[in-house]
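Notes for the structure review
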Amino acid sequence: MRTTRSTIGTAVVRVIAPLAIVSALVPSPALALGGPGHEGGSADDKGNLGAGVTHSSIKISYEGGGGGGKKGNLAPIDPNWEPPVCWYEPAYTPEQLKKAAEAGEVDDAGIHEFWSDAIFIDHYDKGEANDNFDDENSYAEGYKNYNIGKDGYFWRGVAPDDTHPDSWDCGRIMFWQDAGTVPDIPNAPTPEMLAEYAYDKVKVPDTEVELKPEAKSTVNLPTWVWLDKGTFKDVKVRAELPHTNLWAETTAKPKSLHLEPGTADAETFPASGECEINDDGSIGTPYTKGKSKQDPPCGINYLRATDGKPYELKASITWEISWEGSDNDGKHMLPEGTFETTQDMDVQEIQSINR
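Values in this document were obtained by computation on a predicted structure and should not be read as measured data. (Residues numbered from 1 in each chain as written. Predicted model: local features only at pLDDT ≥ 70, side-chain atom pairs only at ≥ 80, totals over all residues. Heavy atoms only, no water.)

**Details of the pairing of strand 11 (residues 152–158)**
With 7 of 7 residues buried, strand 11 lies mostly within the body of the structure. Where strand 6 (residues 87–92) meets strand 11, 5 bridges bridge the pair, whose relative direction is antiparallel. From the neighbouring strand, Tyr88 faces strand 11, where its bridge partner is Gly157. Where strand 11 meets strand 12 (residues 175–178), 4 bridges bridge the pair, whose relative direction is antiparallel. What sits directly across from Tyr153, in strand 12, is Gln177. (Buried < 20%, exposed > 50% of the residue type's maximum accessible area, 1.4 Å probe, protein only. Helix = DSSP H or I, 4+ residues; strand = E, 2+ residues; numbered from the N terminus. Pairing = 2+ DSSP bridges.)

Take a look at the structure:
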């Protein structure tokens, strides 16, 4: 019997307490694959392919220490952008599929289609045709003896979130592909898809932003914001899909720190609130004694004191995202990413008396 699924670091701003600005992407579910510094899935502890359709065999590696950051919520600035919803990739060799089917250890013929052991054997061993789940008017020819003796892999759809409505776009049942080739079908893997998958795995190292004065801010007394050089570094994430020669390397490059004071009764330096990262990786200029009356290159000036309720200062780091891959087509861009944190800001007003 066949069944189907019907589900359609902290970057710290020092004022009174730390402000966390840890940047990274929310990862899709994955199983461990490879050694330290790698992530992936769709393989058991003996190296056999073919885990569930929510797991991928894509191998992830981090270069330049980029894997050392903590995971957070690096959100694409484009609200309509999201990482790949589904794609196809190699799942079983003929021998692996035969072993799994005869042992009753495989039931996912596709992302939304479960087959009984008997149907698997009928289609992949006895050669009986079956319908392609993503097209009710097409049928998939069956296979004899799981194609044993042929060089290639059975490919299957993968969807990190199989409840996503668009995961139905990869509904084709598991099919054969000769070794060293990639199927010419919609949602086949590409370097760009791997780059977007890698985007979803970026881990940005912890950073620390300094604020002066460290205690309560004072009305009309500029607060200096800066970050020492070398704190920000490019983060590179490489994604490789085994048995396809496809790969992509996604790079997150720190671009700027954005400040929002939390009130209209304030001004930012610069006026846009966007503090560019300097060539040496620093932001702004450190505060030194005697600069209290100067306008900082990066900072905030509150014009009105708080009245029992602190202002919510928002600080975010913007990262420029680019990628290169096995298509040898040069550098491509992906939507910038940002992570925002909020810190309570108490602002006092110093009273003066004229005599």
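Moving on, there is more to tell.
**Considering the sheet that holds strand 6**
Strand order across the open sheet formed by 3 strands is 6-11-12, with antiparallel pairing between neighbours. The sheet is open, and its two borders are formed by strand 6 and strand 12, each paired with just one other strand. When strand polarity is set aside, the average angle formed by the axes of neighbouring strands in this sheet is 50°. (Axes fitted to C-alpha atoms, helices over the stretch in contact; angles between N-to-C directions.)

**Focus: the packing of aromatic side chains**
Each aromatic ring pair is summarised here by two numbers: the centre-to-centre distance and the angle between the ring planes. One pass over the structure, following the stated rule, counts 12 aromatic pairs. On the basis of an interplanar angle of 40° and a centroid distance of 6.0 Å, the ring pair of Trp115 and Tyr124 is categorised as tilted. In this structure Trp115 comes out as buried when scored by relative accessible area, which is 3%. For Tyr124, a relative accessible area of 0% puts it in the buried group. Here a set of aromatic residues connected by ring pairs shows up, and it is made of Trp115, Phe120, Tyr124, Tyr143, Phe154 and Trp176. A cation sits over an aromatic face here: Arg172 above Phe175, 5.7 Å from the ring centre. Looking at Arg238, its charged tip hangs above the ring of Trp247, at a distance of 4.1 Å from the centre. (Phe/Tyr/Trp six-rings, centres within 6.5 Å; stacked < 30°, edge-to-face > 60°. Lys NZ or Arg CZ within 6 Å of the ring centre and 35° of its normal.)

**Structural notes on unusual backbone geometry**
Cis geometry marks the peptide bond from Phe269 to Pro270, where omega comes out at -5°. By the element assignment, Pro270 lies in the loop between strand 18 (266–269) and strand 19 (274–276). With a phi close to 50°, Asn145 is a non-glycine residue in the positive phi region. Tracing the sequence through the fold places Asn145 in the loop between strand 10 (135–140) and strand 11. Taking relative accessible area as the criterion, Asn145 reaches 34% and is therefore assigned partly exposed. Phi is positive for Asn245, close to 65°, though the residue is something other than glycine. Mapped onto the elements of the fold, Asn245 is located in the loop between strand 16 (235–241) and strand 17 (246–260).

**Description of the pattern of salt bridges**
Taken as a whole and assessed by the stated rule, the structure comprises 6 salt bridges. Glu102 is the partner of Lys98 in a salt bridge, and the nearest nitrogen-oxygen pair spans 2.8 Å. Of the two residues, Lys98 and Glu102 are both situated in helix 1 (residues 94–102); the distance of 4 residues between them amounts to about one turn of the helix. Overall, the relative accessible area of 24% leaves Lys98 in the partly exposed class. The exposure class of Glu102 is partly exposed, given its relative accessible area of 49%. Between Glu336 and Lys255 there is a salt bridge; the shortest N-O distance is 2.7 Å. Residue Glu336 is located in strand 22 (residues 332–345), and its partner Lys255 is located in strand 17; the two are separated by 81 residues in the primary sequence. (Salt bridge = Lys/Arg side-chain N within 4 Å of Asp/Glu carboxyl O.)

**Things to note about the pairing of strand 16**
Most of strand 16 is tucked away: 5 of the 7 residues are buried. Examined bridge by bridge, strand 4 (residues 59–63) and strand 16 share 5 bridges and lie antiparallel to one another. Note on strand 16: the bridge partner recorded for Lys59 is Glu240. As paired strands, strand 16 and strand 17 are joined by 7 bridges and run antiparallel to one another. Its bridge partner lying in strand 17, Ala239 is registered against Ala248. Between the antiparallel neighbours strand 16 and strand 17 lie 4 residues, among them His243 with a positive phi of about 70°.

**Some points on the side chain of Glu196**
Checked against the element boundaries, Glu196 lands in helix 3 (residues 191–199). Here Glu196 sits buried without a salt bridge, and the closest side chain of opposite charge, Lys201, lies 14 Å off (N-O distance). (Lys, Arg positive; Asp, Glu negative; His and termini not counted.)

**Here's the deal with the nonpolar core**
Judged by nonpolar contacts, the single largest core of 47 residues is most densely connected at Ile58, Leu194, Leu257, Leu259, Ile283, Tyr302 and Trp319. Those elements that place two or more of their residues in this core are strand 4, helix 3, strand 16, strand 17, strand 20 (299–302), strand 21 (311–325) and strand 22. The next biggest cluster of nonpolar side chains, apart from the first, holds 29 residues, and it includes Phe120, Tyr143, Tyr153 and Ala159. (Core = buried A, V, L, I, M, F, W, Y, C linked by side-chain atoms within 4.5 Å.)

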